[in-house]
Each structure stands twice: as C-alpha cells, then as structure tokens.
Amino acid sequence: MRKRKSDNLSRDDFQREQAPPRRHGSLRRAGKLIVVLALVLAVVLVAAYRDLSSFDSVRRLFSYNKVTQDEQGKAELYSFDNDRTNVYAMLGERLIVASTTGVSVLANDGTQVYAQSVHMTHPAVIVGRQTALAYDIGGQTAILLGEKGLIRDCGDISDAGILSASLNSSDYLTLTTEKSGYKSVVSAYDPSGNAIFAFNSSDHYVIDACVLRDCKHLAAVTLGEADGAFASTLNFYSLSSETAESKNILNGSLVLSLGRVGGKLATIADDRFTVFGADGSLCGSYRYDYPYLRAHSTGGTDFVTLLLSRYKSGSTLKLVTVSANGEKNGETDISKEVLGISAAGKYVAVLCSDSLTIYTSDLNEYATLSNTAYARSVIMREDGTALLLGASSAWLFIP
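Residues numbered from 1 in each chain as written. Predicted model: local features only at pLDDT ≥ 70, side-chain atom pairs only at ≥ 80, totals over all residues. Heavy atoms only, no water.

If you tally the helices and strands in the protein chain, you get three helices and 32 strands. Long-range contacts, defined here as pairs at least 24 residues apart, represent 39% of the contacts in the protein chain between residues at least 6 apart. As presented, the protein chain carries roughly 21000 Å² of accessible surface, and 49% of it is formed by carbon and sulfur atoms. (Helix = DSSP H or I, 4+ residues; strand = E, 2+ residues; numbered from the N terminus. Contact = heavy atoms within 4.5 Å. Areas by Shrake-Rupley, 256 points an atom, 1.4 Å probe, with all protein chains shown as cover.)

So this is what it looks like as structure tokens:
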C-alpha cells in the first residue's frame, strides 16, 4: 500500500504540490465574461434604439422577456369571477380581488393563492407595505391579508360599522368605526395586531385617520364648524395620548381622504390638496384650477395626481400632478370619458373608454395603448407597466 503523506505540510510543500494554472480555463472564463458583457451592451443598444432610455425600460426587458405578449405589448396574467362589485389592489406581485361575496389573492402566474367567502355590502381594499386589508364600508368584515393569504381576521375589532381604514408604510392599521354613545371611534394597531391607540370622539364625526410614517403619531379628520362656517379639522395626536397636540382647520373644505405624498401626510379635499409634517406644520397646498374633483391618486413617489372638471358633468377635464410642496408638476387637457386614473412610482396611467395613456410625473406622454379590450379600471405599477382589469380577467401592458 502506498504510504499516505502527512497532512501537516508546510506552506512551501503545499505550494509545490499545486498543479500549475490551466491557461485555457482562464481563457474560457474570460470568453464567457466577454459574451455576457456583449449581451448587456446589446440590450442597452436595443433600449436606445427603441427610445427606452430609462432604467425601468431596461429592467422591463429583463423582467418580462419570457412573458407572452401580443403585438401591442399586452399579456394576460389573472383570471377571476365576473362580479360587477369587484374591487382590486396590488400587493407586490399579488392581485387582491374583493367583492360582495368573497376575497381572493392571485399570484402573478394566475394561480389562486387564497380565497374566502364573505358577505360585504360595500367592499374596499387598502394596501400597506407587506399587508392589505379587505373590508366592508359600513359593515364589520375586515380581513388582513399578506402575499400568501390570510394573516388575521379583524372582524371582531369593531362591534359596529367601519367608516374608514388605513395602513401606513410600516403596516400599522387604523380603523375609524361607529360606536354606541359616541360620534366615532379611532383605533390603531401595530403589525402584530396589538392595540396601541384608541380615541372615542363624542363631539365630532371622524371621517378618516391614519398612523403617520414615524409610527409615533396619528392624524384624524373631523367634520364640524369654525366661526359659524363649515370646516374640516385635521387633528394630530401622539400615540401615547388621547389629547390632540395640534389642530389645523380647513375652512370651507370637505376633506375626502388622507394619503401620503413624498412621505408626508396629505389631505384630499373638495377644493384643495394640502400636505403636512408629522408635527402638523403646513408643508404645501394647492387649490384646484377647475372647481370639481373627479378622481385622484396618491400612489406616485412624490406627487399627487388630480383629475379636475370645469363642470359637474361632461368631459372637459384637466389632469394635474402636484408635488409634496404644493407646486404643479404638469397638466394636460383631456376631452374623453375617463374610466380611471392610477399613479405609481414616477408614472400616471389614464384609462379612457377607448385607450390607455401612461404619463411621467410631469405629464409628458410615455406610452399609449389603443386597444384596451373592454378594460374597466387600471392599476399603475412602479416599473412602468399597467394592469388593465376587465370583467373576469386582467392583463398587463408592457411598454
């Protein structure tokens, strides 16, 4: 038997016993690297040729290169039950569908991840960072969902109707509900479901509330009067106290909802858009050029999108984007029937009865689709793609 060498070799012994480097192996690796670099360069050149100059354009070429698209760039992704009460939201790559009869979560390959039968009269869906809440406006049903399905049934939180709900960017949940003996009740919960704030309002109706981005403060909007005139009041609370630390009165304004723009709290009212800091200080405000607000979206990274109308009815519309400091980014006139608007990242999608247009945040036209195939609504996505939703299916438009 051949004698085994000692394992305790010196550094010189170890170096002498190594095989000499194989040059052709190094050349082969270098060749592979050159091929990869050539492919990347080719993609960049193709992007430039197609006038796709942004990073999102190049990213889409990689992300959707295996997705089957038609000649217009559409790819069907999701199928669901045909229900005219359906409402939709995107949680990551998952599509959440809620109706008067059920809630489902669909993966991006079209498979159903989760489904539950429920009864809701006015279904709604809100989205945080990693969770979404499907709930019944005016009812007691509230289901917290993640990308894999049910996280928690929140229906036992309230023994009365839910007026509004919100999830902040850290998945702190706020519910505004009815309660016997009070005008409204505001309750806040951390991502684990622990109650961290509760406020019973006996003097004013609270229409909306949310935990702020710092997860230490809460804002709530109440309706009432100021100096004998109608007004909305924005109240700021520390989560450790039921006494408001500051108040902002919006005289003559009806606040419709709260949102986030550029990480700051925003109020969408019937006559103006206003942004506040966590301490209640005013950061910016924009009064509408046209008097009637038809739709809005706060999904953009650092801007709000407003669809305004000169008249109560008709198609004389103006689309406006406004920054977090209240300055107008862009505007464009629209003379078609608008079915829906949606903003995400630096893009805005406008779905009309016969077409889809995607704009950048300054409302320069980015991409168009002429055949929307009976889409009823649209969800813009941060990478520049738009999800078109029909009666029983959803398809992705990839510019």
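Hydrogen bonding along the main chain pairs the strands of a sheet, whether they run parallel or antiparallel. Spatially, four strands are ordered S6-S7-S8-S9 in an open sheet, and the strand pairing comes out antiparallel. Sheet topology places strand S6 (123-127) and strand S9 (149-153) at the edges, where each strand pairs with a single neighbour. Here the strands of the sheet are splayed against their neighbours by 25° on average, with no regard to which way each runs. Examined bridge by bridge, strand S7 (residues 132-136) and strand S8 (residues 142-146) share four bridges and lie antiparallel to one another. (Pairing = 2+ DSSP bridges. Axes fitted to C-alpha atoms, helices over the stretch in contact; angles between N-to-C directions.)

Right, let's get into unusual backbone geometry. Even without a glycine there, the phi angle at Asp171 is positive, about 70°. Residue position: Asp171 is located in the loop between strand S10 (162-167) and strand S11 (173-179). Phi is positive for Cys215, close to 60°, though the residue is something other than glycine. With respect to the helices, strands and loops of the structure, Cys215 is situated in the loop between strand S14 (205-211) and strand S15 (217-226).

To continue, consider the pairing of strand S20 (residues 272-276). Of all the five residues making up S20, five are buried; the element is thus mostly covered by neighbouring parts of the structure. Side chains Arg272, Thr274 and Phe276 project from S20 onto one buried face, and the interleaved Phe273 and Val275 project onto a second face that is buried too. With four bridges connecting them, strand S19 (residues 264-269) and S20 associate as antiparallel partners. What sits directly across from Thr267, in S20, is Thr274. Once S19 ends, the chain turns through two residues before running back antiparallel as S20. Here S20 runs beside strand S21 (residues 282-287); their pairing, made up of five bridges, is antiparallel. Bridge assignment links Thr274 to a residue of S21, and that residue is Ser285. (Buried < 20%, exposed > 50% of the residue type's maximum accessible area, 1.4 Å probe, protein only.)

Moving on, we get to the packing of aromatic side chains. Summed over all chains, the structure comprises five aromatic pairs. Pairing Phe80 with Tyr88 gives two aromatic rings, centres 5.3 Å apart and planes at 50°, and the pair type is tilted. The exposure classification of Phe80 matches that of Tyr88, with both residues buried. Centroid distance Phe197 to Tyr237: 5.8 Å. Interplanar angle 55°. Geometry classified as tilted. Of this pair, Phe197 sits in strand S13 (residues 195-201) while Tyr237 sits in strand S16 (residues 229-238), placing them 40 residues apart in sequence. A network of ring pairs unites the aromatic residues Phe197, Phe199 and Tyr237 as a single cluster. (Phe/Tyr/Trp six-rings, centres within 6.5 Å; stacked < 30°, edge-to-face > 60°.)

As a further point, take the environment of Tyr290. You can see Tyr290 is positioned in the loop between S21 and strand S22 (292-297). Taking the C-alpha atoms as reference, Tyr290 lies 9.7 Å from Thr316; in sequence the two are 26 residues apart. Apart from residues no more than four positions distant in its own chain, Tyr290 is found in contact with Leu308, Ser309, Arg310, Thr316, Leu317 and Lys318.

Residue placement: Gln112 occurs in strand S5 (residues 112-117). The contact partners of Gln112, leaving out residues within four places of it in the chain, are Ser104, Val105 and Leu106.

With that settled, consider the pattern of salt bridges. Applying the stated criterion across every chain yields a total of eight salt bridges. Two residues, Asp271 and Arg272, come together in a salt bridge whose shortest N-O distance is 3.3 Å. We classify Arg272 as buried; its relative accessible area is 11%. Lys336 serves as the salt-bridge partner of Asp354, at 3.5 Å between the closest nitrogen and oxygen. (Salt bridge = Lys/Arg side-chain N within 4 Å of Asp/Glu carboxyl O.)

Turning our attention to the sheet that holds strand S18 (residues 255-261). Spatially, four strands are ordered S18-S19-S20-S21 in an open sheet, and the strand pairing comes out antiparallel. In the strand order of this sheet, the two ends are held by S18 and S21, each with one partner. In this sheet, neighbouring strand axes are inclined to one another by 20° on average, regardless of whether the strands run parallel or antiparallel. Judged from the six bridges that link them, S18 and S19 form a sheet pairing that is antiparallel.

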